[in-house]
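Close look at the chain arrangement
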Amino acid sequence: MSGTLSPIDKAKFVAAKRAVDYVEDGMKVGLGTGSTAAWMVKCLGEMVRQDGLKITGVATSTRTAELAQKVGVPIVTLDEAKWLDLTIDGADEYDHNLNLIKGGGGALLMEKIVATASDQMIVIADLSKQVETLGSFPLPVEVIPFGWQTTKALVEETLVNLDVLGRDASLRMNGATPFITDEGNYILDLHLRRIGNPRQLSLVMNQIPGVVENGLFIDICDVVVIGNGDGSVEVRDINNGTVAHEQIDVVETDNLFVDIAD
Ligand SMILES: O=C(CO)[C@H](O)[C@H](O)COP(=O)(O)O
């Protein structure tokens with residue numbers, strides 16, 4: 001299996017591998033969703049199986065719950081866990097304040113609930129997710145299916161008064177039918193291009209009837225671990241203002257690569 005990882009997968013893997021260093025015995029850990037978070041779940045599974053790490057996971061999607069089960073990470077509900085030590089998740093965009101856009105994979109609602117119920121949130125990403133200003137990635141907004149077209153019109157109307165460049169919203173599709181979230185809702189993707197005031201936008205969006213949650217994560221993320229295709233990582237901690245650079249050892253013959261298919 002040596003040399004099978006593409007540079008982008010290697011970047012995601014090393015970010016995940018570095019982030020799981022934060023996980024200690026006995027912790028309750030929020031498990032994010034997406035291709036980067038999947039590496040983190042696999043890393044944790046290996047630590048549970050090989051090193052006897054004792055943790056409890058709370059999954060942010062059914063996809064992640066299935067993967068956790070497959071790799072041996074014990075899962076409980078958030079209500080059983082009540083509060084978490086740490087959540088590790090991917091992101092679609094992060095800015096220099098570590099504010100995020102999430103929800104590209106459609107799991108933003110559970111992701112935000114779980115991250116907010118955690119002492120610390122660590123984002124794992126490759127450099128392509130870094131932006132000066134949020135908004136190039138379409139902002140996902142979860143809405144209830146009832147009256148979604150009215151909600152969409154209200155959302156677009158509300159955007160006129162906000163500091164954004166684009167104002168179009170599109171219903172996320174899954175082939176010929178609307179994409180349905182784990183909670184049975186729809187997603188509107190807002191093509192804003194530039195979000196001048198993410199805090200204001202987030203507050204205003206969540207006041208519109210029919211909107212369940214939006215994909216802006218403001219003041220939730222504490223640390224970003226940025227992986228690179230050469231195996232190096234950068235660890236930025238917003239609370240203590242530190243930036244560290246490290247090299248991660250990647251042994252592609254690990255069980256991680258040969259045992260577990262997605
Ligand atoms: O928010 C998310 C899912 O709702 C993901 O974390 C985000 O889309 C990043 O995914 P990936 O690691 O596959 O790029």
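What you see is a predicted model; the values in this text were computed from it and never measured.

So, how was this worked out
Residues numbered from 1 in each chain as written. Predicted model: local features only at pLDDT ≥ 70, side-chain atom pairs only at ≥ 80, totals over all residues. Heavy atoms only, no water. Phe/Tyr/Trp six-rings, centres within 6.5 Å; stacked < 30°, edge-to-face > 60°. Helix = DSSP H or I, 4+ residues; strand = E, 2+ residues; numbered from the N terminus. Buried < 20%, exposed > 50% of the residue type's maximum accessible area, 1.4 Å probe, protein only. Lys NZ or Arg CZ within 6 Å of the ring centre and 35° of its normal. Pairing = 2+ DSSP bridges. Axes fitted to C-alpha atoms, helices over the stretch in contact; angles between N-to-C directions. Core = buried A, V, L, I, M, F, W, Y, C linked by side-chain atoms within 4.5 Å. Contact = heavy atoms within 4.5 Å. Salt bridge = Lys/Arg side-chain N within 4 Å of Asp/Glu carboxyl O. UniProt positions renumbered as here; feature names shortened; annotations may be inferred. Polar contact = N/O pair within 3.5 Å; in protein donor to acceptor, adjacent residues only side chain to side chain. Near = heavy atom within 4 Å. Nonpolar A, V, L, I, M, F, W, Y, C, P; charged D, E, K, R; others polar. Expected span 1.5 Å × (residues − 1).

1. Structural notes on the packing of aromatic side chains
Across all of its chains, the model carries two aromatic pairs by this definition. Ring geometry for Phe-13 versus Trp-39: centroids 5.4 Å apart, planes at 70°, classification edge-to-face. Highlighted residues: Phe-13 in helix H1 (residues 7–19) and Trp-39 in helix H2 (residues 35–51), separated in sequence by 26 residues. For the pair Phe-13 and Trp-39, one class covers both residues: buried. Sitting above the plane of the Phe-179 ring, Arg-172 keeps its charged end 5.5 Å from the centroid.

2. Looking at the sheet that holds strand E6 (residues 118–126)
Strand order across the open sheet formed by seven strands is E2-E1-E3-E6-E14-E15-E16, with mixed pairing between neighbours. Strands at the two margins of the open sheet, each flanked by one partner only, are strand E2 (56–59) and strand E16 (242–247). The average angle at which neighbouring strand axes cross in this sheet is 20°, direction not considered. The sheet contact formed by E6 and strand E14 (residues 223–227) spans five bridges and is parallel. By the bridge assignment for E14, Val-123 is matched with Val-224.

3. Quick notes on the nonpolar core
The nonpolar side chains of a soluble globular protein tend to be buried, and buried together. Of all hydrophobic cores here, the largest spans 36 residues; its most connected members are Met-40, Leu-44, Ile-55 and Val-225. Contributing elements (two or more residues each) for this core: H1, strand E1 (28–31), H2, helix H3 (62–71), strand E3 (84–89), E6, E14 and strand E15 (232–237). In terms of residue count, the dominant contributor to this core is H2 (nine residues). Setting aside anything within four residues of it in sequence, one finds Ile-55 in contact with Val-23, Glu-24, Met-27, Val-29, Leu-44, Val-48, Val-73 and Pro-74. One finds Ile-101, Leu-134, Val-141 and Leu-201 within the second-largest nonpolar core, a separate group that totals 23 residues.

4. Digging into the pairing of strand E7 (residues 139–143)
Burial within E7 is extensive, with five of its five residues counted as buried. Of the two faces of E7, both are covered, the one formed by Leu-139, Val-141 and Val-143 as well as the one formed by Pro-140 and Glu-142. The sheet contact formed by E7 and strand E11 (residues 186–191) spans five bridges and is antiparallel. Pairing of Pro-140 across the sheet is with Asp-189, part of E11. In this structure, E7 lies alongside strand E12 (residues 211–214), joined through three bridges in antiparallel fashion. Within E12, the position partnered with Val-143 by the bridge is Val-211.

5. A word on the pattern of salt bridges
Opposite charge on two side chains permits pairing when their charged atoms draw close. Counted under the stated rule, the structure contains 10 salt bridges. As a salt-bridge pair, Glu-111 and Lys-102 come within 3.1 Å of each other at their nearest N and O atoms. Here Glu-111 matches Lys-102 in class, with each residue buried. Ionic contacts of the salt-bridge type, sharing partners, join the residues Arg-18, Asp-21 and Glu-246 into one network.

6. Regarding the environment of Ile-55
Tracing the backbone through its elements, the reader meets Ile-55 in the loop between H2 and E2. With relative accessibility at 5%, the residue Ile-55 sits in the buried group.

7. A few points about the UniProt feature "active site" (unreviewed entry) in the protein chain
Taken from the UniProt record, the annotation "active site" (unreviewed entry) applies to Glu-111. As for its position among the elements, Glu-111 is in helix H5 (residues 108–116). Not counting residues within four places of it along the chain, the set of residues in contact with Glu-111 comprises Thr-33, Thr-60, Asp-89, Lys-102, Gly-103 and Phe-217. Only 3.1 Å separates the side chain of Glu-111 from the side chain of Lys-102, close enough to count as a polar contact.

8. Things to note about the site of the ligand
Ser-35, Thr-36, Asp-92, Gly-103 and Lys-129 are the nearest of the 16 residues found near the ligand. At 2.5 Å, a side-chain N or O of Ser-35 approaches an oxygen atom of the ligand. Classifying every residue of the shell around the ligand gives two nonpolar, nine polar and five charged.

9. Some thoughts on H1
With 13 residues, H1 should cover 18 Å at 1.5 Å per step; its first-to-last C-alpha distance of 18 Å lies within 8% of that length. Those residues of H1 that fall on the buried side of the exposure criterion are Ala-11, Lys-12, Phe-13, Val-14, Ala-15, Ala-16, Arg-18 and Ala-19.

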